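Listed here are the chains, written in short residue letters.
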Amino acid sequence: MSEVEETIRRLKSHRGVEGILIVNSEGQILKSTLTAEESAEHAALLSQLASKARSIVRTLDASNDLSFLRIRSKKNEILVAPDKDFLLIVIQNPHAEK
(Lines give C-alpha, C1' and ligand atoms only; values in the text may rest on other atoms or scores of the structure.)
Protein backbone atom coordinates (compact mmCIF):
# COMPACT_ATOMS: atom_id res chain seq x y z
CA MET A 1 0.00 0.00 0.00
CA SER A 2 1.41 3.40 -0.96
CA GLU A 3 1.99 6.16 1.57
CA VAL A 4 -0.90 8.18 0.07
CA GLU A 5 -3.33 5.27 0.33
CA GLU A 6 -2.20 4.57 3.89
CA THR A 7 -2.79 8.22 4.83
CA ILE A 8 -6.26 8.14 3.27
CA ARG A 9 -7.09 4.92 5.12
CA ARG A 10 -5.90 6.42 8.40
CA LEU A 11 -7.88 9.64 7.88
CA LYS A 12 -11.04 7.71 6.95
CA SER A 13 -10.85 5.84 10.24
CA HIS A 14 -11.41 9.07 12.21
CA ARG A 15 -14.89 9.71 13.56
CA GLY A 16 -17.12 11.71 11.23
CA VAL A 17 -14.89 11.73 8.13
CA GLU A 18 -17.20 11.72 5.11
CA GLY A 19 -14.75 12.33 2.31
CA ILE A 20 -11.12 12.90 1.41
CA LEU A 21 -9.87 14.64 -1.69
CA ILE A 22 -6.36 15.27 -2.98
CA VAL A 23 -6.12 17.96 -5.64
CA ASN A 24 -3.07 19.25 -7.53
CA SER A 25 -2.18 22.93 -7.84
CA GLU A 26 -4.32 23.26 -11.00
CA GLY A 27 -7.40 21.89 -9.22
CA GLN A 28 -7.26 18.48 -10.90
CA ILE A 29 -8.38 15.57 -8.74
CA LEU A 30 -5.61 13.11 -7.92
CA LYS A 31 -7.46 10.92 -5.39
CA SER A 32 -10.94 11.03 -3.92
CA THR A 33 -13.33 9.04 -1.78
CA LEU A 34 -16.28 11.16 -2.95
CA THR A 35 -18.45 10.67 -6.01
CA ALA A 36 -17.15 12.13 -9.28
CA GLU A 37 -19.69 14.97 -9.15
CA GLU A 38 -18.96 15.83 -5.50
CA SER A 39 -15.22 15.61 -6.15
CA ALA A 40 -15.38 17.99 -9.11
CA GLU A 41 -17.48 20.54 -7.21
CA HIS A 42 -15.35 20.45 -4.06
CA ALA A 43 -12.08 20.51 -6.02
CA ALA A 44 -13.05 23.55 -8.07
CA LEU A 45 -14.46 25.61 -5.22
CA LEU A 46 -11.95 24.74 -2.52
CA SER A 47 -8.94 25.18 -4.82
CA GLN A 48 -10.11 28.72 -5.53
CA LEU A 49 -10.80 29.42 -1.86
CA ALA A 50 -7.41 28.09 -0.71
CA SER A 51 -5.66 30.13 -3.39
CA LYS A 52 -7.48 33.29 -2.29
CA ALA A 53 -6.78 32.57 1.39
CA ARG A 54 -3.07 32.05 0.62
CA SER A 55 -3.02 35.33 -1.32
CA ILE A 56 -4.62 37.20 1.59
CA VAL A 57 -2.13 35.78 4.10
CA ARG A 58 0.79 36.75 1.88
CA THR A 59 -0.64 40.23 1.24
CA LEU A 60 -0.93 40.86 4.96
CA ASP A 61 2.59 39.59 5.60
CA ALA A 62 4.87 38.74 2.67
CA SER A 63 7.01 36.47 4.85
CA ASN A 64 4.00 34.36 5.88
CA ASP A 65 2.14 31.53 4.13
CA LEU A 66 -1.12 29.63 4.57
CA SER A 67 -0.58 26.42 6.51
CA PHE A 68 -4.15 25.24 7.21
CA LEU A 69 -7.71 26.31 6.48
CA ARG A 70 -10.77 25.19 8.45
CA ILE A 71 -14.33 25.98 7.41
CA ARG A 72 -17.16 25.00 9.72
CA SER A 73 -20.85 25.12 8.87
CA LYS A 74 -23.93 23.80 10.65
CA LYS A 75 -23.58 20.39 8.98
CA ASN A 76 -19.93 19.90 8.06
CA GLU A 77 -16.40 20.93 8.66
CA ILE A 78 -13.97 21.20 5.75
CA LEU A 79 -10.27 20.97 6.51
CA VAL A 80 -7.79 22.07 3.86
CA ALA A 81 -4.06 21.39 4.23
CA PRO A 82 -2.23 23.13 1.39
CA ASP A 83 1.18 22.06 0.14
CA LYS A 84 3.33 23.48 -2.63
CA ASP A 85 2.03 20.98 -5.20
CA PHE A 86 -1.35 19.84 -3.86
CA LEU A 87 -4.24 20.31 -1.42
CA LEU A 88 -5.43 17.69 1.02
CA ILE A 89 -9.12 18.23 1.72
CA VAL A 90 -11.08 16.39 4.40
CA ILE A 91 -14.84 16.75 4.79
CA GLN A 92 -16.19 15.65 8.12
CA ASN A 93 -19.33 15.73 10.22
CA PRO A 94 -18.24 17.09 13.60
CA HIS A 95 -21.45 15.79 15.17
CA ALA A 96 -21.01 12.15 14.08
CA GLU A 97 -21.10 9.42 16.69
CA LYS A 98 -18.99 6.99 14.58
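We now turn to the structure provided with this report.

1. Topic: the sheet that holds strand β1 (residues 17-24)
Next, step 1: Here five strands make up an open sheet; going across it, the order is β2-β1-β5-β4-β3 and the pairing antiparallel. Sheet topology places β2 (29-32) and β3 (69-72) at the edges, where each strand pairs with a single neighbour. Geometrically, the sheet is characterised by an average inter-axis angle of 15° between neighbouring strands, direction not taken into account.
Next, step 2: Bridge count for β3 against strand β4 (residues 77-82) is four bridges, and the pairing is antiparallel. Paired with Arg 72 across the two strands is Glu 77, which belongs to β4.
Next, step 3: Packed onto the sheet, helix α1 (residues 3-12) meets β1, β2 and β5 (86-92) and runs at close to 150° relative to β1.

2. Some thoughts on the side chain of Gln 92
Next, step 1: With respect to the helices and strands, the residue Gln 92 is situated in strand β5.
Next, step 2: Reaching out from Gln 92, the side chain makes a polar contact with the side chain of Glu 77 at a distance of 2.6 Å.
Next, step 3: Leaving out residues up to four positions away in the same chain, Gln 92 has contacts with Arg 15, Gly 16, Val 17, Glu 18, Lys 75, Asn 76, Glu 77 and Leu 79.

3. Here's the deal with the environment of Leu 30
Next, step 1: Considering the arrangement of structural elements, one finds Leu 30 in strand β2.
Next, step 2: Expressed as a C-alpha distance, the spacing of Leu 30 and Gln 92, which sit 62 residues apart in the sequence, is 19 Å.
Next, step 3: Ignoring anything within four residues of it in the chain, the contact list for Leu 30 reads Ile 22, Val 23 and Asn 24.

4. Description of helix α2 (residues 36-60)
Next, step 1: Here α2 contains 25 residues, and its C-alpha end-to-end distance of 36 Å stays within 8% of the 36 Å for a straight helix at 1.5 Å per residue.
Next, step 2: Listed as buried for α2 are Ser 39, Ala 43, Leu 46, Ser 47, Ala 50 and Ala 53.
Next, step 3: Tucked inside the fold, the buried residues of α2 contact β1, β2, β3, β4 and β5.

Reading the values: rules and limits
- Residues numbered from 1 in each chain as written.
- Predicted model: local features only at pLDDT ≥ 70, side-chain atom pairs only at ≥ 80, totals over all residues.
- Heavy atoms only, no water.
- Pairing = 2+ DSSP bridges.
- Helix = DSSP H or I, 4+ residues; strand = E, 2+ residues; numbered from the N terminus.
- Axes fitted to C-alpha atoms, helices over the stretch in contact; angles between N-to-C directions.
- Contact = heavy atoms within 4.5 Å.
- Polar contact = N/O pair within 3.5 Å; in protein donor to acceptor, adjacent residues only side chain to side chain.
- Expected span 1.5 Å × (residues − 1).
- Buried < 20%, exposed > 50% of the residue type's maximum accessible area, 1.4 Å probe, protein only.

Keep in mind these numbers describe shape, not what the thing actually does.
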